[in-house]
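# Descriptive analysis of the structure
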Amino acid sequence: MTKGQFLNDTHVSMFICWFRNKLSDFTHSYYNQKEKEEWRCVSFYDACDKYKWGGHNWEKNNNTLEDYSKRLKESIRNRDNDACRKVCHDILQWGGVLQENKEKIEGQTDLVDYLMRAKEVITCDSLDDIIEEGIIMSSGFSKIYSLYIDDFVIYDSRVGAALCYLVKLYCKEQRCECVPPILKFAYGASRNPKVNRNPNSDNYKFSSLYQEQGKIYIECNLKANWLLKEVLNFSECKFKDVRSLEAALFMIGYAIPKEQEQQTLKTYR
């Protein structure tokens, strides 16, 4: 399946229209276990404005990411493996995933060459052209790729959970019998067992991100890149880039209601 075929699919195009309408009108709330406070948004723009990571807001974090991106691209351009490894460590440390990815970084004898080869694979315009052999996909490496490749979304457990949840809401509103295969994204579990990121219900099923390594993970990331870029492609959109929408998804995907909680919310609205 090519990028064009994906975006022109009836289910995808309808979901994109639905998503665009939700950008300015989407209420979501949860209790943040780490911050010990209630979090709530009334739109995707509001969710981005209320972004928080590492004790800092979106503007502060975005400036940090832009700095990392410049350093990473410069190290690759100069074929400086030491500088590349250092900034990759910094990116992973920022994302809280250094420990589980450090060995993989150190295992690349020529990290610059690896990232250049990986870019060729994960920027293809066809899912059929994906060659997963030798390509590392994880929440951590998605962060690295996103700061090297333009319009490449950080696909982690929270962004994946948010996308699955949105697809589920769309399917419910459209009265779909099941999730269209083309809209099946994967989600990841939280490290905190009290935080739910599992969107599954009797009719709408999604797979676990961490059980879908390799090609499936790459496919989810590529489809998210294509989808979110297209969601923002209309004149009324207030987001200036994909990164901002990704930030909103990151906040929304911290926790999603369990199926029984969704039924309760529906009953009392």
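A few points on the structure. Remember, it's a predicted structure, so these values are computed and weren't measured experimentally. (Residues numbered from 1 in each chain as written. Predicted model: local features only at pLDDT ≥ 70, side-chain atom pairs only at ≥ 80, totals over all residues. Heavy atoms only, no water.)

## Some thoughts on helix α2 (residues 10–22)
With 13 residues, α2 ought to run about 18 Å at 1.5 Å a step, and its terminal C-alpha atoms sit 19 Å apart, in line with that. Here α2 has its buried residues at Val12, Phe15, Ile16, Trp18, Phe19, Arg20 and Lys22. Elements that come into contact with the buried residues of α2 comprise α1 (3–8), α3 (44–49), α9 (157–174), α10 (215–231) and α11 (242–252). (Helix = DSSP H or I, 4+ residues; strand = E, 2+ residues; numbered from the N terminus. Expected span 1.5 Å × (residues − 1). Buried < 20%, exposed > 50% of the residue type's maximum accessible area, 1.4 Å probe, protein only. Contact = heavy atoms within 4.5 Å.)

## Quick look at the nonpolar core
In this structure, Phe19, Phe44, Leu72, Leu115 and Tyr145 are the most contacted members of the largest nonpolar core, which totals 99 residues. The biggest single contributor to this core is α9, with 11 residues. In contact with Phe19, not counting residues within four places along its chain, are Phe44, Leu163, Leu166, Leu228, Val231, Leu245 and Leu249. (Core = buried A, V, L, I, M, F, W, Y, C linked by side-chain atoms within 4.5 Å.)

## Describing the packing of helix α4 (residues 58–77) against helix α7 (residues 111–122)
Viewed as axis vectors pointing N to C, α4 and α7 meet at an angle of 105 degrees, and their least axial separation amounts to 9 Å. It follows from the interaxial angle that α4 and α7 lie roughly perpendicular. Taken together, the residues of α7 that come into contact with α4 (itself represented by Leu72, Ser75 and Ile76) are Val112, Leu115 and Met116. Residues belonging to the contact of α4 with α7 are distributed by class as follows: 5 nonpolar, 1 polar and no charged. (Axes fitted to C-alpha atoms, helices over the stretch in contact; angles between N-to-C directions. Parallel < 35°, antiparallel > 145°, perpendicular 65-115°, else oblique. Nonpolar A, V, L, I, M, F, W, Y, C, P; charged D, E, K, R; others polar.)

## Some points on the pairing of strand β2 (residues 37–41)
In this structure, strand β1 (residues 28–32) lies alongside β2, joined through 5 bridges in antiparallel fashion. Residue Asn32 lies in a different strand from β2, and its bridge partner there is Glu37. Where β1 hands over to β2, the hairpin turn is made up of 4 residues, of which Lys36 adopts a positive phi near 55 degrees. (Pairing = 2+ DSSP bridges.)

## Some details on the packing of helix α5 (residues 81–95) against α7
Two quantities define a packed helix pair, namely the angle between the helix axes and the distance between the axes. Packing of α5 against α7 brings their axes to within 8 Å, and their N-to-C directions diverge by 70 degrees. Comparing the axis directions of α5 and α7 gives the class roughly perpendicular. Contacts from Asn81, Cys84, Arg85 and Cys88 in α5 reach Leu111, Val112 and Leu115 in α7. Partitioned by chemical class, the residues of the contact of α5 with α7 number 5 nonpolar, 1 polar and 1 charged.

Honestly, that's just the spatial picture; any functional story needs more than this.
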